[in-house]
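A closer look at the structure
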Amino acid sequence: MIASIRGEVLEIALDHVVLEAAGVGYRLNATPATIGTLQRGTEVRLVTAMIVREDSMTLYGFHDVESRDLFGLLQTVSGVGPRLAMATLAVLEPEALRKALAEGNVTALTRVPGIGKRGAERMVVELRDKVEAVAVSSDPGADGAPAVVLGLVREQIVEALVGLGFPAKSAEQATDTVLAADPEAGTSAALRSALSLLGKTR
């Protein structure tokens, strides 16, 4: 099991990052909140979760242990796999997720694409008591994503939102609203804003 990786950031995309450690480049799937803390060319340490399947080995990277542990905890719920767990952490950051589970806030949980009312209720029942056992991290995040050409930013954000399960039309509308308000927004910041907007409108 690979528990963490320290290395230089070689590549940053909307849904993953590549870190080089000891001459090997590792592709780590990550949430916008994690990716937003990274800058190409800098050295970072990400805690990781490794998911092994018959036909694949996938690494997931997080900027703190709390997010990694919540990622694992979410997958203990029937019907929740790595993709849905990552989508949950993309829409609800750790503090908001804890609060939603503790308070039984089904509405907040159904903002995540792929989670319906029944699934949200199951998450609350199964995780309400367990979520308190996950250590809270004091590691703050910061947005370090550079601004790029507006058209490219729009295309990447829409693609990422659709990949998370949002309808293409809704993804495009949210992205256009966010970029109209702040044309100079970096990809990570704009994606987080679009996720927030979509969460409010569901």
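Everything here concerns the structure above.
These remarks concern the structure in this document. Nothing here was measured: the structure is a model prediction, and the numbers come from that model.

One closed barrel holds the five strands; their spatial order is E1-E2-E3-E5-E4, and the pairing between them is mixed. For this sheet, the mean angle separating the axes of adjacent strands, direction not counted, is 55 degrees. Running at roughly 10 degrees to strand E4 (residues 43-53), helix H2 (residues 65-74) makes contact with E4 and strand E5 (56-62) of the sheet. In the packing of helix H3 (residues 82-91) onto the sheet, the strands contacted are strand E3 (24-29), E4 and E5, and the crossing angle to E5 comes to about 15 degrees.

One recurring pattern in soluble globular proteins: nonpolar side chains tend to sit buried together. Ranked by size, the top nonpolar core spans 51 residues in total, and within it Phe71, Leu109 and Leu161 carry the most contacts. Top element by residues in this core is H3. It accounts for seven residues. Beyond its immediate stretch of four places on either side in the chain, leucine 109 contacts Leu92, Leu97, Ala100, Leu101, Ile115, Ala120, Met123 and Val124. In terms of nonpolar packing, the next biggest core, distinct from the first, is built from 11 residues, Ala21, Leu28, Leu46 and Leu59 among them.

Okay, the packing of H2 against H3 next. Running from N to C, H2 and H3 point in directions that differ by 130 degrees, and their axes come no closer than 9 Å. One way to sum up the angle between H2 and H3 is to call them oblique. Relative to H3, the crossing made by H2 is right-handed. Facing H2, whose interface residues are Ser67, Leu70, Phe71 and Leu74, H3 presents Pro82, Ala85, Met86, Thr88 and Leu89. Among the residues making up the contact of H2 with H3, the classes are represented as seven nonpolar, two polar and no charged.

Mapped onto the fold, serine 67 is located in helix H2. Along the backbone, serine 67 and threonine 31 are 36 residues apart, and their C-alpha atoms lie at a distance of 9.8 Å. Not counting chain neighbours up to four residues away, the residues in contact with serine 67 comprise Phe62, Leu89 and Pro94.

Right, let's get into the pairing of E4. Sheet analysis places strand E1 (residues 4-12) next to E4, joined by five bridges and oriented antiparallel. Of the residues in E4, the one forming a bridge with isoleucine 5 is leucine 46. Bridging between E4 and E5 involves seven bridges; their strand directions are antiparallel. The residue bridging valine 52 from the neighbouring strand is methionine 57, located in E5. Here E4 folds back onto E5, and the loop between the two strands holds two residues.

Considering the arrangement of structural elements, one finds histidine 63 in the loop between E5 and H2. Among the residues examined, histidine 63 registers a relative accessible area of 17% and is labelled buried.

Moving on, we come to the environment of arginine 192. Counting through the fold element by element, arginine 192 comes out in helix H9 (residues 187-201). Residue class for arginine 192 comes out partly exposed when judged on its relative accessible area of 23%. Spatially, the C-alpha atom of arginine 192 lies 6.4 Å from that of proline 32, the residues being 160 residues apart in sequence.

Below, the discussion takes up the packing of aromatic side chains. Following the criterion strictly, the structure yields two aromatic pairs and no others. Aromatic side chains phenylalanine 62 and phenylalanine 71 sit 5.2 Å apart centroid to centroid with 45 degrees between the ring planes, which places their arrangement in the tilted category. Per residue, the accessibility class of phenylalanine 62 equals that of phenylalanine 71, and both read buried. Among the aromatic residues, ring-to-ring pairing joins Tyr60, Phe62 and Phe71 into one connected group.

Parameters at a glance
- Residue positions within a chain follow its written sequence, with the count starting from 1.
- In keeping with the model being predicted, local features are shown solely for residues with a pLDDT of at least 70 and side-chain atom pairs are shown and tallied solely at 80 or more, while totals for entire chains, interfaces and linings include all residues.
- Only hydrogens and water are set aside; all other atoms, that is, all heavy atoms of the structure, feed into the side-chain values.
- For two strands to count as paired, DSSP must find a minimum of two bridges between them.
- Strands are runs of DSSP state E lasting at least 2 residues, helices are runs of H or I lasting at least 4, and numbering of each runs from the N terminus.
- Axis definition: a line fit to C-alpha positions, over the contact stretch in the case of helices; interaxial angles, taken between N-to-C directions, run 0 to 180 degrees.
- Any two residues having at least one pair of non-hydrogen atoms within 4.5 Å are treated as being in contact.
- Within this scheme, the nonpolar core is defined by two criteria: the residues are buried Ala, Val, Leu, Ile, Met, Phe, Trp, Tyr or Cys, and they are joined through side-chain atoms within 4.5 Å.
- Relative accessibility thresholds used throughout: buried, under 20% of the residue-type maximum; exposed, over 50%; partly exposed, between the two (1.4 Å probe, protein chains only).
- Any angle between 65 and 115 degrees counts as roughly perpendicular, while under 35 counts as roughly parallel, over 145 as roughly antiparallel, and the rest as oblique.
- Crossing chirality is assigned from the near helix's rotation relative to the far helix, an anticlockwise turn below a right angle marking it left-handed and a clockwise turn marking it right-handed.
- Residues were grouped as follows: Ala, Val, Leu, Ile, Met, Phe, Trp, Tyr, Cys and Pro as nonpolar; Asp, Glu, Lys and Arg as charged; and all remaining residues, including Gly, as polar.
- Ring pairs are drawn from Phe, Tyr and Trp, using the six-membered ring of Trp, whenever the two centres fall within 6.5 Å, and their geometry is named by plane angle: stacked under 30 degrees, edge-to-face over 60, tilted for the rest.

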